[in-house]
Amino acid sequence: MAVPPAASNVNGPRRRWRAHPVRWSLLAAVVALLVVLLACELAGWRFLRGPIERQLGPRLERELSVGEGFRLHLLGPVRLSTDRLHVGGPSWAPADRRAFFDAEGLKVKVYWSELLRFAFGDRERPIDIELLEVDRFAASLWRQSDRRANWQIGPPKPEDEQKASVGLPGFGRLVVRNGRLDLDDRPMDLALKAEATTDEGEGGEGRLAIKGEGRWQESRFTLGLQSKGVLPLISREPGVTVPLQLQAQAPGTRFTFDGQARDVMSFQAMDGQVTLAGTSLARLGDALSITLPTTAAFSLQGRVVKDGGRWQAKVPGLAVGSSRLAGDFTLDQTGAKPVLTGLLSGRNLDLLDLGPAFGTRTPDGAPVRRSGDRVLPQREFNIPALSRMNADVRVRLDRADLHTPLLEALTPLQARITLQDGVLAIDELLARTAGGSLQGRLGLDGRDEKRPQWTVDLRASDVDLDRWLKARNARAGGEDAPAPGYVSGRLQLKTTLAGQGRSIATLAESLDGDLSAWIRNGRISHLVVEALGLDVAQGLGLLLSKDKSLPLTCAVMQFGVRDGRMTTEVGLFDTPDSTVLLTGTIGLADERLALTAQARPKDFSPLTLRSPLHVEGSFGDPKVRLDARTLGLKGAAAVALAFVNPLAALIPLIDPGDRDNAGGCGQAVAALRAGERAAPAAKGSAGNGRSR
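Source: prediction; values computed, not measured.

Trainee: For this particular structure, what's the right way to read the packing of aromatic side chains?
Mentor: Geometrically, a pair of aromatic rings is defined through the distance of the ring centres and the angle of the planes. In this structure the tally under the stated criterion is four aromatic pairs. Residues W92 and W142 carry aromatic rings whose centres are separated by 5.9 Å and whose planes lie at 85 degrees to one another, so their mutual orientation is edge-to-face. On the criterion of sequence distance, the pair formed by W92 in the loop between β3 (78-90) and β4 (99-110) and W142 in strand β5 (residues 128-143) is long-range, its members being 50 residues apart. Of the two residues examined, W92 and W142, each falls in the buried class. Over the ring of F100 we find R62; its NZ or CZ atom is 5.0 Å from the centre of that ring.

Encoded structure:
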């Protein structure tokens, strides 16, 4: 019987498959492979634990151990979980520092697109991890002085390659139930032990808490951080912020921040209220890698905004010692060097609070011990810090207190402080006091750290001495009139100095230049003049009556400064009663005084010793003595005459006066003008005041 055509068509393919058993074998193999893969996927690829340890460990150049609870799922997102994970330190690490990372209850989920993109394409952008969850972890991170770090994968890299390495990954969900971090960063001189917990997810309410303690440089500190979550802090989505509260405390230092933050792991954005207190502004500068002066203890309150590499600080309240200041500053860290610009203002600056900047205190605020009887500070300045940054800051102060009740304050004080590539300048200096003004410039060239160069160019004009000097002469005041000062008139002063040194003491040893001062329309206490002349008779008369002021027909003083020694070139005070001459030297290098004041009375006095006054000794222990030789001769003559007639003993003490020396002031002024003409043009720009 013939086979129907339909049956023939059906059986044809079957016969062809039976005729080709290889096809059946391939199909069976594919099915078997799918079954195996599915079984492995369901089982979590447990058998890969050993190969992963053996293959990945050598590639990472460190020990790798995965717990028996290892599970890996490749269908859909890549999901990895294990009950335990141990990653050791790099193979080049010392034997006692092989700990790196240990975790328990670890779960990770990453999309294939991210893995493929990072493996075969864009490696500049870190991997985005969909989920990272860990019950407990302990990480030990350290970086050596040569900047080799145990978190580097592979052999150590040069510093420039480290800066270009991949940053932190992004997270969709991050859960750390209990974490501990030990950090030892030698280049930053930072050690930290911290514990952290967080639990959050996108769109959910999260929490973050960190507490820890450590050491930065020589100071111990504690810190605490609270936030609604860490995800927004490390998110790369623009505009994602989270409330953040941060507290840190160290001996003598307290810091709090209360505001908003974004991507705090890379420190990209912050905006909030800050309070800060410390022993010196220099410590704050060290923390920010900028240059600030050593000062008295400080505290500040204000608002800080950070966007990328730019900081803005509005500080309405800055207390430094007894000074009350304010400021508006911008710190730009986007260039090769940080650049600080802004305005420093305030009600009052007590110059004593800047004393530590000149070596009276250490950056920690501790007083510097004197060496023997030396007075000038010997603590070296931090000259290399001048090269940390550039700056351009305006100063506008209502008042600068000289920290002595004997002198009137500067009201106001303004200046411009610039720092450019290690060269510091205080320009446009202008201060007013007692009806007069102080102008000039101060400079420090720190490009040669071993021999920094200093320059001083200051001028004072028309300072009313009766107002500026607060010491009052009570014996000259009337019942209705206030007591005048011992010296009055209009003070003019000019000083031009240059030197080099890493401290005030070494600078003083090298100073060269000149210092000149003169008084116009001046008056001086008659009692002071007679005291300088040791006129006993007239002095007793003034003590028993009212003191009177004498006109100063001339008051001129000029010092030449060479190699730290000040020598009087002109020193003269002339009145109708007497002429007082000042001669001698002031040794800045050895801090010794050797000055002599001698008065030459012009009128008759029945009882005067006419002995020079010597001011000698160290800066820390000056001594005033009479000239022993002169007193001895006068005393011997008086004793000898006393044997003849007791009244004759007064004859050596009688001074007939000298009316012929009234022209001494004119000669002094002439000498002063001659000195100006001999000086270089650069040093004589302000000399016209002497010709008045």
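Trainee: For this particular structure, what's the right way to read the pattern of salt bridges?
Mentor: Pairs may arise between side chains of opposite charge once their charged atoms sit close together. With the rule as written, the count across this model stands at 27 salt bridges. Measuring nitrogen to oxygen at the nearest pair gives 3.4 Å for the salt bridge that ties D184 to R97. Taken together, the positions of D184 in strand β6 (residues 170-185) and R97 in the loop between β3 and β4 put the pair 87 residues apart, joining distant regions of the chain. Residue D184 is classed as buried on the basis of its relative accessible area, which comes to 18%. With a closest N to O distance of 2.8 Å, D189 and R215 form a salt bridge. Here D189, found in the loop between β6 and β7 (190-199), pairs with R215, found in strand β8 (residues 207-216); they are 26 residues apart in sequence, far enough to count as distant. When salt bridges that share partners are traced, they join D392, R394, R416 and E428 into one network.

Trainee: Help me understand a negative patch on the surface, please; the structure alone is not making it clear to me.
Mentor: On the surface, E68, D83, D102 and E104 cluster together into a negatively charged patch. Here D83 lies in strand β3.

Trainee: Just to check I follow, could you spell out the side chain of E114 for this structure?
Mentor: Along the chain, the position of E114 falls in helix α4 (residues 112-120). Polar side-chain contacts of E114 include one of 2.6 Å to the side chain of R117. Setting aside residues up to four positions removed in sequence, E114 forms contacts with R125, P126, I127 and D128.

Trainee: What should I look at first to understand unusual backbone geometry in this one?
Mentor: In most cases, non-glycine residues show a negative phi, while peptide bonds are predominantly trans. Here the bond from T411 into P412 is cis, since omega is -5 degrees, no more than 30 degrees from zero. By the element assignment, P412 lies in the loop between β18 (400-401) and β19 (413-420). Phi at E428 is positive, roughly 55 degrees, even though this residue is not glycine. The phi angle at D563 is positive, at roughly 50 degrees, despite the residue not being glycine. With respect to the secondary-structure elements, D563 resides in the loop between β26 (554-562) and β27 (565-574).

Trainee: For this particular structure, what's the right way to read the side chain of S516?
Mentor: Among the secondary structure elements, S516 is positioned in strand β24 (residues 512-525). In this structure the side chain of S516 is engaged in a polar contact, spanning 3.3 Å, whose partner is the side chain of Q558.

Trainee: What am I meant to see in helix α3 (residues 49-60) here?
Mentor: Given a rise of 1.5 Å per residue, twelve residues ought to cover 16 Å, and the 16 Å separating the end C-alpha atoms of α3 matches this to within 8%. Along α3, the residues classified as buried are G50, E53 and G57. Angularly, the buried residues of α3 cover 55 degrees about the axis, an arc narrow enough to put them on a single face. What points out from α3, more than 90 degrees from its buried face, is the exposed set Q55 and R59. In the stretch just after α3, E61 is the one whose phi turns positive, near 55 degrees.

Trainee: Got a minute to help me understand the environment of L507 in this structure?
Mentor: The topology assignment puts L507 in helix α9 (residues 504-510). A relative accessible area of 11% places L507 in the buried class. A sequence separation of 53 residues divides L507 from W454, and the C-alpha atoms of the two residues are 7.9 Å apart. Discounting residues that sit within four places of it in the chain, L507 has contacts with W454, G499, Q500 and G501.

Trainee: Whenever I open this one, the confidence of the model for the protein confuses me. Can you help?
Mentor: On average, residues of the protein score 77 in pLDDT, and 71% of them are at 70 or above. In the predicted structure, residues 637-657 sits below a pLDDT of 50 and forms 32 contacts with residues beyond four places in sequence or in another chain.

Trainee: What is the right way to read the environment of L106 from this model?
Mentor: Along the polypeptide, L106 turns up in strand β4. By relative accessible area, L106 is classed as buried at 9%. Put simply, L106 and V176 are 70 residues apart on the chain and 9.6 Å apart in space, counted from C-alpha to C-alpha. Those residues within four positions of L106 in sequence are excluded, and the remaining contacts are L80, S81, T82, L85, L132, E133 and V134.

Trainee: Help me out: how do you make sense of a nonpolar patch on the surface in this one?
Mentor: A contiguous nonpolar surface patch, about 390 Å² in accessible area, is contributed by W24, L27, V31 and V35. Take W24: it is sitting in helix α2 (residues 21-43).

Trainee: I tried to follow the environment of L442 on my own but got confused; where do I start?
Mentor: Here L442 is to be found in strand β21 (residues 436-445). Sequence spacing of L442 and I417 is 25 residues, and the spatial spacing of their C-alpha atoms is 9.6 Å. Aside from chain neighbours lying at most four places away, what touches L442 is L424, A425, I426, T455, V456 and L458.

Calculation rules
Residues numbered from 1 in each chain as written. Predicted model: local features only at pLDDT ≥ 70, side-chain atom pairs only at ≥ 80, totals over all residues. Heavy atoms only, no water. Phe/Tyr/Trp six-rings, centres within 6.5 Å; stacked < 30°, edge-to-face > 60°. Helix = DSSP H or I, 4+ residues; strand = E, 2+ residues; numbered from the N terminus. Buried < 20%, exposed > 50% of the residue type's maximum accessible area, 1.4 Å probe, protein only. Lys NZ or Arg CZ within 6 Å of the ring centre and 35° of its normal. Salt bridge = Lys/Arg side-chain N within 4 Å of Asp/Glu carboxyl O. Patch = residues over 30% accessible without salt bridge, like charges linked within 9 Å, V, L, I, M, F, W, Y side chains within 5 Å. Areas by Shrake-Rupley, 256 points an atom, 1.4 Å probe, with all protein chains shown as cover. Lys, Arg positive; Asp, Glu negative; His and termini not counted. Charge placed at Lys NZ, Arg CZ, Asp CG, Glu CD. Polar contact = N/O pair within 3.5 Å; in protein donor to acceptor, adjacent residues only side chain to side chain. Contact = heavy atoms within 4.5 Å. Expected span 1.5 Å × (residues − 1). Arc of directions from axis to C-beta. pLDDT = per-residue confidence, 0-100.

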